[in-house]
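Analysis of the macromolecular model
These are the residues of each chain, in order.
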Amino acid sequence: MNKELYNYILSIADNCLILGQRLGELCGHGPTLETDIALTNISLDLFGQVRSYYQYAAKLVDDKTTEDDIAFLRNEREYVNALLVEQPNTDFAFIMGRQFLFDAFHLMLLSELQKSHDVTLAAIASKSIKEVSYHYRFSSDWVRRLGDGTPESKERMQAAINDLWAYTEELFYQTASEKLLIEKGIAVDLSQLKASYYQNITDVLEESTLTIPDSKWFKKGGKEGIHSEHMGYILSDMQFMQRAYPNMKW
Amino acid sequence: MSEENIKDLEKTFEARIARDEKIEPKDWMPEKYRQTHIRQISQHAHSEIVGMLPEGNWITRAPSLRRKVALLAKVQDEAGHGLYLYSACETLGITRNELYDQLHSGKAKYSSIFNYPTISWADIGAIGWLVDGAAIINQVPLCNTSFGPYARAMVRVCKEESFHQRQGYEIMLKLCQGTAEQKEMAQDALNRWWWPSLMMFGPTDAESTHTEQSMKWKLKRKTNDELRQQFIDQTVPQAEILGISVPDPELKWNKERGHYDFGPIDWDEFWQVVKGHGPCNKERMKARVDAWENGEWVRDAAMAYAEKQKLKKLNKAV
Amino acid sequence: MKKDWPLWEIFVRSKNGLEHRHFGSLHAADAEMALENARDVYTRRNEGVSIWVVESRHITASNPEKSGELFEPAQDKVYRHPTFYDLPDDVKHM
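The present account deals with the structure reproduced in this document. Just so you know, these numbers come straight off a predicted model, no measurement behind them. (Residues numbered from 1 in each chain as written. Chains lettered and ligands numbered in written order. Predicted model: local features only at pLDDT ≥ 70, side-chain atom pairs only at ≥ 80, totals over all residues. Heavy atoms only, no water.)

Quick notes on the overall build of chain C
- What chain C contains, in helices and strands, is two helices and three strands.
- For chain C, the α and β elements follow one another from N to C terminus as β-β-α-β-α.
- In terms of overall size, chain C is more extended than a compact globule, its C-alpha atoms giving a radius of gyration of 21 Å where 94 residues would be expected to give roughly 12 Å.
- Based on the C-alpha atoms only, the size of chain C along its principal axes is roughly 70 × 35 × 15 Å.
- Within chain C, buried positions represent 30% of all 94 residues.
- The long-range share in chain C, meaning contacts at least 24 apart out of those at least 6 apart in sequence, stands at 41%.
- Summed over all atoms, the accessible surface of chain C reaches about 6,700 Å², with 53% contributed by carbon and sulfur. (Helix = DSSP H or I, 4+ residues; strand = E, 2+ residues; numbered from the N terminus. Rg over C-alpha atoms; globule rule 2.2 N^0.38 Å. Buried < 20%, exposed > 50% of the residue type's maximum accessible area, 1.4 Å probe, protein only. Contact = heavy atoms within 4.5 Å. Areas by Shrake-Rupley, 256 points an atom, 1.4 Å probe, with all protein chains shown as cover.)

Description of the interface of chain A and chain B
- On the chain B side, the residues contacting the 48 residues of chain A number 49 residues.
- Approximately 4,100 Å² of surface area, both sides summed, lies buried where chain A meets chain B, with 70% of it carried by carbon and sulfur atoms.
- Three residues, Leu33, Asp148 and Trp250 of chain A, lead the burial of chain A against chain B; their summed loss comes to 18% of the area buried on that side.
- Inspection of the region where chain A meets chain B yields three salt bridges.
- One salt bridge in this structure joins glutamate 34 of chain A and arginine 96 of chain B, with 2.7 Å as the shortest N-O distance.
- Where chain A meets chain B, there are 14 residue pairs in polar contact (both at pLDDT 80 or more).
- Among the elements of the structure, helix H1 (3–24), helix H2 (33–61), helix H3 (67–72), helix H5 (92–113), helix H6 (119–147), helix H7 (151–164), helix H10 (230–238) and helix H11 (240–244) of chain A are those that each provide at least two residues to the side of chain A that touches chain B.
- Within the side of chain A that touches chain B, the residues separate by chemical class into 21 nonpolar, 13 polar and 14 charged. (Buried area = accessible area lost by both parts, 1.4 Å probe. Salt bridge = Lys/Arg side-chain N within 4 Å of Asp/Glu carboxyl O. Polar contact = N/O pair within 3.5 Å; in protein donor to acceptor, adjacent residues only side chain to side chain. Nonpolar A, V, L, I, M, F, W, Y, C, P; charged D, E, K, R; others polar.)

Focus on the packing of H2 of chain A against helix H3 (residues 65–90) of chain B
- Close contact between H2 of chain A and H3 of chain B brings their axes to 10 Å; oriented N to C, the two are set at 160°. Classed by the angle they form, the pair H2 of chain A and H3 of chain B counts as roughly antiparallel. H2 of chain A and H3 of chain B meet at a crossing whose hand is left-handed. Where H2 of chain A approaches H3 of chain B, its residues Leu33, Glu34, Ile37, Thr40, Asn41, Ser43, Leu44, Phe47, Val50, Arg51 and Tyr54 of chain A are matched on the opposing element by Leu65, Arg66, Lys68, Val69, Leu72, Ala73, Gln76, Ala79, Gly80, Gly82, Leu83 and Tyr86 of chain B.
- Residues belonging to the contact of H2 of chain A with H3 of chain B are distributed by class as follows: 13 nonpolar, six polar and four charged. (Axes fitted to C-alpha atoms, helices over the stretch in contact; angles between N-to-C directions. Parallel < 35°, antiparallel > 145°, perpendicular 65-115°, else oblique. Left-handed = near helix turned anticlockwise from the far one by under 90°.)

Some thoughts on unusual backbone geometry
- Of note in the backbone geometry, threonine 209 of chain A takes a positive phi value of approximately 60° without being a glycine.
- Of note, threonine 209 of chain A is situated in the loop between helix H9 (194–207) and H10.
- With phi around 65°, lysine 218 of chain B is a residue other than glycine that occupies positive phi space.
- Looking at the element boundaries, lysine 218 of chain B is found in the loop between helix H8 (211–216) and helix H9 (224–242).
- When its relative accessible area of 13% is taken as the criterion, lysine 218 of chain B is described as buried.

Structural notes on the pairing of strand S2 (residues 20–27) of chain C
All names here are of chain C.
- Of all the eight residues making up S2, six are buried; the element is thus mostly covered by neighbouring parts of the structure.
- Where strand S1 (residues 7–13) and S2 come together, seven bridges link them in antiparallel fashion. Its bridge partner lying in S2, isoleucine 10 is registered against glycine 24.
- Adjacent in sequence and paired antiparallel, S1 and S2 are bridged by six residues, among which glycine 17 carries a positive phi angle near 105°. (Pairing = 2+ DSSP bridges.)

Brief notes about the sheet that holds strand S3 (residues 50–55) of chain C
Residue and element names in this part refer to chain C.
- Pairing in this open sheet of three strands is antiparallel, and the strands run S2-S1-S3 from one edge to the other. Among the strands making up the open sheet, the edge pair consists of S2 and S3. Averaged over all adjacent pairs, the angle separating strand axes in this sheet is 25°, with direction ignored.
- Pairing of S1 with S3 involves six bridges; the strand directions are antiparallel.

Things to note about the side chain of glutamine 167 of chain B
Residue and element names in this part refer to chain B.
- Mapped onto the elements, glutamine 167 comes out in helix H6 (residues 148–176).
- Overall, the relative accessible area of 8% leaves glutamine 167 in the buried class.
- In this structure, glutamine 167 is in contact with Arg67, Ala70, Leu71, Lys74 and Ile124, ignoring residues within four places of it in sequence.

Comments concerning the packing of H6 of chain A against helix H12 (residues 296–317) of chain B
- Where H6 of chain A meets H12 of chain B, the closest approach of the two axes is 8 Å, and the angle between their N-to-C directions is 90°. Taken as axis vectors, H6 of chain A and H12 of chain B run roughly perpendicular relative to one another. Mapping the contact onto sequence places Trp142, Arg144, Arg145 and Leu146 of chain A in H6 of chain A and Trp297, Val298, Ala301, Ala302 and Tyr305 of chain B in H12 of chain B.
- Of the residues in the contact of H6 of chain A with H12 of chain B, the class split is seven nonpolar, no polar and two charged.

Overview of the nonpolar core
- Among the nonpolar cores identified, the biggest contains 199 residues, and Tyr53, Trp142 and Tyr197 of chain A together with Trp121 and Trp194 of chain B are the most heavily contacted of them.
- Excluding residues that lie within four positions of it along the chain, tryptophan 194 of chain B makes contacts with Leu130, Phe231, Ile232, Thr235, Val236, Val246, Pro247 and Asp248 of chain B. (Core = buried A, V, L, I, M, F, W, Y, C linked by side-chain atoms within 4.5 Å.)

Describing a nonpolar patch on the surface
- A cluster of nonpolar side chains, Val78, Tyr79, Phe84 and Tyr85 of chain C, forms an exposed patch at the surface whose accessible area comes to about 400 Å².
- Assignment of secondary structure puts phenylalanine 84 of chain C in the segment after helix H2 (67–71). (Patch = residues over 30% accessible without salt bridge, like charges linked within 9 Å, V, L, I, M, F, W, Y side chains within 5 Å.)

Considerations on the side chain of serine 47 of chain B
- In this structure, serine 47 of chain B sits in helix H2 (residues 31–56).
- In contact with serine 47 of chain B, other than residues within four places in its own chain, are Tyr110, Ser111 and Phe114 of chain B.

A short note on the interface of chain C and chain B
- With 22 residues of chain C in contact, the opposing surface of chain B contributes 23 residues.
- Both faces considered, chain C and chain B share a buried interface measuring about 2,000 Å² in area, 52% of it formed by carbon and sulfur atoms.
- Our count for the contact surface shared by chain C and chain B stands at five salt bridges.
- A salt bridge links glutamate 307 of chain B to lysine 3 of chain C; the shortest N-O distance between them is 2.9 Å.
- Remark: the boundary between chain C and chain B carries nine residue pairs in polar contact (both at pLDDT 80 or more).
- Those elements that place two or more of their residues in the side of chain C that touches chain B are S2 and helix H1 (31–42) of chain C.
- Class assignment for the residues of the side of chain C that touches chain B results in twelve nonpolar, three polar and seven charged.

A few points about the packing of aromatic side chains
- By the definition in use, this model includes 30 aromatic pairs over all chains.
- Here the aromatic rings of phenylalanine 100 of chain A and tyrosine 136 of chain A are separated by 6.0 Å at their centres, their planes lie at 20°, and the arrangement is stacked. With phenylalanine 100 of chain A in helix H5 and tyrosine 136 of chain A in helix H6, the pair connects residues that are 36 residues apart, well separated along the chain.
- Using a relative accessible area of 0% as the deciding quantity, one classes phenylalanine 100 of chain A as buried.
- Centroid distance tyrosine 245 of chain A to tryptophan 250 of chain A: 5.9 Å. Interplanar angle 70°. Geometry classified as edge-to-face.
- Grouping aromatic residues by their ring pairs yields a cluster made of Phe102, Phe105, Trp165, Phe172, Tyr197 and Tyr198 of chain A.
- When the ring centre of tryptophan 58 of chain B is taken as reference, the NZ or CZ atom of arginine 61 of chain B above it lies at 3.7 Å.
- Here the guanidinium or amino end of arginine 299 of chain B rests over the ring plane of tryptophan 292 of chain B, the centre of that ring lying 3.4 Å away. (Phe/Tyr/Trp six-rings, centres within 6.5 Å; stacked < 30°, edge-to-face > 60°. Lys NZ or Arg CZ within 6 Å of the ring centre and 35° of its normal.)

From the geometry alone we can't say anything about function, so treat these as descriptive.
Structure, rendered in structure tokens:
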């Protein structure tokens, strides 16, 4: 099996899986019916992308492995999503802040991934980028609304950004296998995107009348499988059926 | 307007409905028609959004990615259906927020079935199969109801719902084709959801207060008992295909009637749940109220932002 | 401050070549959001290629009580319809 490629696919797909799962928790609990429907759409888009990636990854393993084996049957250490996406739904400002900080990254990643020499990855990226462009528009609009809305919303949005800021740099962390694939023209060289990422989000945050955190201390670990305490709970929910009733078809 | 005049208007109004003409929001209508429609449409809308909760309960635990996206899409549809129905109701001169207030204060009712808990994955199958099955029987005739906006909303709802019941039945089918443990899970779900599903059609005709008026206004085409019988007749063979048994020892095909006979329904339980003593009434209402109250600052912020933007545009124009 | 999101009417063109049709309504704080919400609520099943939104309060509607004077006078103007004109059957292409 092409271990590097497999790992690389997961490093993209796991972000979508865990963020989709977080958004799935919200269905039925949003501030309006309209926002409920919108967030569910984003969640559905992400799960759709996850399935394309995992189906591809499963084929790399062997003929028997399925998308669900990859989604549900790994141990916590084997999930390689960034810490950002596993952060909890603290309030609507956190939800939109997390979405915005991820979408800005996701959009840039996919835009480069479309040029990958791996045709399957390039195809998934071209399909997903339309969805993610909308996610970015939706979440950045909400960051503007909350940032420049009422004093309360501004305070909450600022608190969310201050908290989530520490998770942004990890999005650009490169694993060893990723570096090998960059040379082959398969993986995206994230280091090239970092400066414009921070430029883009700074622009939106300033438009939103928010202050850019000056903290230089960033948290990381997720992309190497070392997660926050939240991850265990996410997985115990997500894997509940698979663990309680192993080897069954649903 | 004199009483005489109103009587005349009412006569013309009833004649229009009898001719199968649709009533539109700005048309004159008897106050009772307006109130009855606000009550029924909002009750229907509330049922959709409270109905999101028991199923939403399993989104994070769905056992495969395929099941997860199907369930997400279904619960999302229910939000959409709630939205279509609230919009139809708003044409009668009441706001969605007023309708929410009625729900949150306990003044408005919603379908009692959603006060039962979803405690296993099979419950998601049973809800799709039985609850959506019962809902379809109730809803299809409403596509021809007399109030235009309600009828149009129902056309959309029925079109979208067609996958919901299939989704549920497919879950049950997979369970019944699986291990003994899975089949047992399916049987257990049928045991718990069967009777509450029969109650979804409401009290027996003898006990039902609104039927006659509702028939005239085409809010109803068949009586509660007729619809219930239709549901039983079509569902029993579906259970047979699954190979699980309906939990009613008195259930028997009656050749003469051409229908299934069935045992007595526990109406005591029905009224207790309606009155708020069901297993999850409090939890459901708390979830709705929390979502609304926790969302208030978000809604306010969006309005404040919109107004600021409007001002900015105005200032630029000057 | 207690201001509810206003109501918007949503018009969707289901494919190019067809007109925008009234699909329903929804709530949104501003036009931008109304468009986004309309996309998520009314085109989930690939129902549209273009959306119009207009705040409901900007719509002026005719009064149904005046529908007699507004619309009935058009009923007997049969000369506006082709069937009003008697022509022999053998006249073709007309």
